[in-house]
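# Structure assessment
The lines below spell out each chain.
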Amino acid sequence: MLTLHHNKLIADQQMIGIIFCLTCFGYIDGEFDGDERSFISEYIDKLARLQAESLFVSSERSWEREARIRDQASHFSRIFDQIDREIADAAEEIVAAGESQMDYLMARLELETYRVFKQFDEQGQQELFDAVDELLMADGVAHPNELKFRQELQRFLQIDVASPAPQPTSDRPSISFTEPVQLDPGRRNHTIFQALERQYPASPTAMAQALEADIRLVTDVMNLHAEQRALGEGKLASAETVRDFAGQEKFLDGYTWVTPPAPDESWELTVLGDLHGCYSCLKAAVIQSRFFERVAAWEEDPSSVARPAMVLLGDYVDRGLFSFQGVLRGALELFRAAPDHVFILRGNHEMLFDLNGEVLPAVRPAEALNDLKAHSSYEHQIAYKNLFDALPTALIFDQILFVHGGVPKDKTMREHFTDLSSLNAQPVRLDMMWGDPSDTEVVPEELQERATRFSFGRHQSKAFLERIGCHTMIRGHEKLNDGYGVTYQDDDQVVVTIFSAGGSLNEDLPLNSSYRRVDPKALTVRYLNGEAKVEPWSIAYRPYVSPELNGFYAPGS
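This one's a predicted model, so the numbers in the text were calculated from it and none came from an experiment. (Residues numbered from 1 in each chain as written. Predicted model: local features only at pLDDT ≥ 70, side-chain atom pairs only at ≥ 80, totals over all residues. Heavy atoms only, no water.)

From N to C terminus, the protein includes 17 helices and 19 strands. Against the compact-globule benchmark of 24 Å for 557 residues, the protein has a radius of gyration of 25 Å, which places it among compact chains. Seen along its three principal axes, the alpha-carbon backbone of the protein occupies a region of about 70 × 55 × 55 Å. Per-residue burial over the protein gives 56% buried out of 557 residues. Surface summary for the protein: the accessible area is close to 23,000 Å², and the carbon and sulfur share equals 49%. Measuring between centres, the 53 positive side-chain charges of the protein sit 3 Å from its 88 negative side-chain charges. (Helix = DSSP H or I, 4+ residues; strand = E, 2+ residues; numbered from the N terminus. Rg over C-alpha atoms; globule rule 2.2 N^0.38 Å. Buried < 20%, exposed > 50% of the residue type's maximum accessible area, 1.4 Å probe, protein only. Areas by Shrake-Rupley, 256 points an atom, 1.4 Å probe, with all protein chains shown as cover. Lys, Arg positive; Asp, Glu negative; His and termini not counted. Charge placed at Lys NZ, Arg CZ, Asp CG, Glu CD.)

Once that is clear, we can look at the pairing of strand 6 (residues 307–312). The buried fraction of strand 6 amounts to six of the six residues, a majority that puts the element mostly inside the structure. Here strand 6 shows no split at all, with Arg307, Ala309 and Val311 on one side and Pro308, Met310 and Leu312 on the other all buried. Of the strand pairs in this sheet, strand 5 (residues 267–272) and strand 6 are connected by six bridges, and their pairing is parallel. Paired with Trp267 across the strands is Arg307, a residue of strand 6. One ladder, built from three bridges, connects strand 6 with strand 7 (residues 342–344); its direction is parallel. Each bridged residue has a counterpart across the sheet, and for Leu312 the counterpart in strand 7 is Ile344. At this point the chain moves from strand 6, through helix 11 (residues 323–337), to the parallel strand 7, and the crossover so formed is right-handed. (Pairing = 2+ DSSP bridges. Right-handed = clockwise from strand over helix to strand, strands pointing away.)

What the six strands build is an open sheet, ordered 2-19-18-5-6-7; its pairing is mixed. With partners counted over all chains shown, the strands left at the sheet margins are strand 2 (175–177) and strand 7, one partner each. The average undirected angle you get between the axes of adjacent strands in this sheet is 20°. Relative to strand 7, helix 11 is tilted by about 140°, and along the sheet it contacts strand 6 and strand 7. (Axes fitted to C-alpha atoms, helices over the stretch in contact; angles between N-to-C directions. Contact = heavy atoms within 4.5 Å.)

The subject of this paragraph is the sheet that holds strand 15 (residues 472–475). The strand order 3-4-11-12-15-17-16 describes an open sheet built from seven strands, whose pairing is mixed. Both edges of this open sheet fall to strand 3 (251–253) and strand 16 (484–489), since each of them pairs with a single strand only. Between one strand axis and the next, the sheet turns through 15° on average, direction left out of account. Sheet topology note: the strand 3/strand 4 (residues 256–259) ladder contains three bridges and is antiparallel. Bridge pairing in strand 4 links Asp253 to Thr256.

Now for the nonpolar core. Formed by 62 residues in total, the largest nonpolar core has its most connected members in Phe324, Leu328, Tyr384 and Leu387. Among residues more than four places away in sequence, those in contact with Phe324 are Tyr200, Val317, Arg329, Ala368, Leu369, Leu372, Tyr384 and Phe388. Among the nonpolar cores identified, the runner-up in size contains 42 residues, and Met15, Cys21, Ala90 and Val443 belong to it. (Core = buried A, V, L, I, M, F, W, Y, C linked by side-chain atoms within 4.5 Å.)

Moving on: the pattern of salt bridges. Per the counting criterion, the structure on display carries 32 salt bridges. With a closest N to O distance of 2.9 Å, Arg329 and Asp214 form a salt bridge. Pair noted here: Arg329 is in helix 11 and Asp214 is in helix 8 (residues 204–232), with a separation of 115 residues, a long-range link. Note on accessibility: Arg329 and Asp214 belong to one class, buried. Linked through salt bridges whose partners overlap, the residues forming this network are Glu110, Glu152, Arg155, Glu446 and Arg450. (Salt bridge = Lys/Arg side-chain N within 4 Å of Asp/Glu carboxyl O.)

Turning next to helix 5 (residues 122–136). Over its 15 residues, helix 5 extends 21 Å from the first C-alpha to the last, a length consistent with the 21 Å expected when each residue adds 1.5 Å. Along helix 5, the residues classified as buried are Gly124, Gln125, Glu127, Leu128, Phe129, Ala131, Val132, Leu135 and Leu136. (Expected span 1.5 Å × (residues − 1).)

Pairs of aromatic rings are described using the distance from one ring centre to the other and the angle between the two planes. The final tally for this structure, using the stated rule, is 19 aromatic pairs. Both rings, one in Phe32 and one in Phe80, keep their centres 6.3 Å apart while their planes meet at 70°; by these two values the pair is edge-to-face. Taken together, the positions of Phe32 in the loop between helix 1 (8–28) and helix 2 (34–54) and Phe80 in helix 3 (residues 62–90) put the pair 48 residues apart, joining distant regions of the chain. The exposure class assigned to Phe32 is buried, which follows from its relative accessible area of 9%. (Phe/Tyr/Trp six-rings, centres within 6.5 Å; stacked < 30°, edge-to-face > 60°.)

Attention now goes to the environment of Gln182. Positionally, Gln182 belongs in the loop between strand 2 and helix 7 (191–196). On the basis of relative accessibility, which here comes to 65%, the residue Gln182 falls in the exposed class. When the C-alpha positions of Gln182 and Ser538 are compared, they lie 6.0 Å apart, and in sequence the two are 356 residues distant.

What follows is about unusual backbone geometry. The backbone of Asp318 shows a phi angle near 80°, a positive value even though the residue is not glycine. Tracing the backbone through its elements, the reader meets Asp318 in the loop between strand 6 and helix 11. Judged by its relative accessible area of 2%, Asp318 falls in the buried class. For Asn529, which is not a glycine, the phi torsion comes out positive at approximately 50°. Looking at the secondary structure, you find Asn529 in the loop between strand 18 (521–528) and strand 19 (531–538). Given the relative accessible area of 51%, Asn529 is considered exposed.

Relative to the helices and strands, Trp537 resides in strand 19. Between the C-alpha atom of Trp537 and that of Val494, which follows or precedes it by 43 residues, the distance is 19 Å. The contact partners of Trp537, leaving out residues within four places of it in the chain, are Val181, Leu183, Thr270, Ala285, Gln288, Ser289, Pro520, Lys521, Ala522, Leu523 and Thr524.

All we've got here are geometric facts, nothing functional implied.
Right, dumping it as structure tokens:
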């Protein structure tokens, strides 16, 4: 039986890690059966008793200790149920085309068990392996996949993983955070939204007209991006890091925005993570943030009003009911209306490819493309593919990197990254749409190469950010039930995740969607003189799932 740390807070974290690790092993053979679940429940009870005995005080009466043991066991049983649900949700996560969800799940579980084992010394690791071995035989037989998983885990633990060496820097992130706040949900509307809230019509003639209007919008956005690229072409290669652009005008070079704030210039950025067809979340966030009012105020008096911007981190389509005709159309309209204030970034769901005259998704499942295909022609689908291919991947604002996923894989950095212009290299951009941060120092390269969706560690993140001249990363890609989380908050780097789709009562989502467990959030980043203040807030989507304020719900729409 494992020996837990004498400090209760550390011991509680170890307990959570142990439960997670055992639950991961329970899923490896593809069937987390009743015998395995019973073993974990009994193991939780034993650990709770051992922990209570280690904290025993002589003045405590036996019935008090038994009550505390029961409370502790009950607490960790609830955590077991939560972990079980999270792993089951992970089995439904999006994967790249050509990869299986089970392969992705195995790679993810292997990384997470590796992370848990790394928290223990050699004796603790062996004790945890002993518990794993008991679990493997709980159903009477050790499955070949379970044995392989155990052997690979043991091999990874024996490897001395080389850590990327971040360059020493005197810069520290000048960034602070507030607790999540509630903004006025409003019951307002705006003409830009009212004009785009139209379902695909049943009439073939009306459908053709609606699609042509959408393609004109796509063309306008691509033309605006082309104009912006023409002014910034080649600039990235001229600097060692993005810090060298301080004081210059913002530019778009290829697929990378660089926006250096002018000295004494105040900014207020509204940041949205994944929206996944939740049009009500997009509309609510724009109205709650008073984005258009702030743009108008700044244009009238830029010297005394913070410069407004809206940053969309990608994943506009799939999962929700209003993808191409809702969220994507809305994002493009926002950009067309205020191209100097809106940054639309590409997510991993904004990936299509053309195979022998058929447009196919680069992720699975891809509900939105299937819906679009029911209404559109190959030419219309190719127009969206071309749009996605042209969307920028990253925005660097001062020393803050905004991106959908994260940093590139170690192998990609070694083979494809030479200078800042490498941010536009296709392998680098691909990885930056698929990576997730892990609560470990370094993720072994072999584990990163298991799947397109991969993880990176604290040192890997820091090394990349320092390489390009940043100290903070704000990203989406990862479903967080709280809608917001800070993965790393170190002296020399900060990594923040924001997720803006979801809501328990959000009718934009199917009833069985796991996104209904999410409290969708947005961020406000207030910036002045090198200091950023990050304020998360809940998206008040409820007024916008009704026909009064959302034309998609109007009868006959």
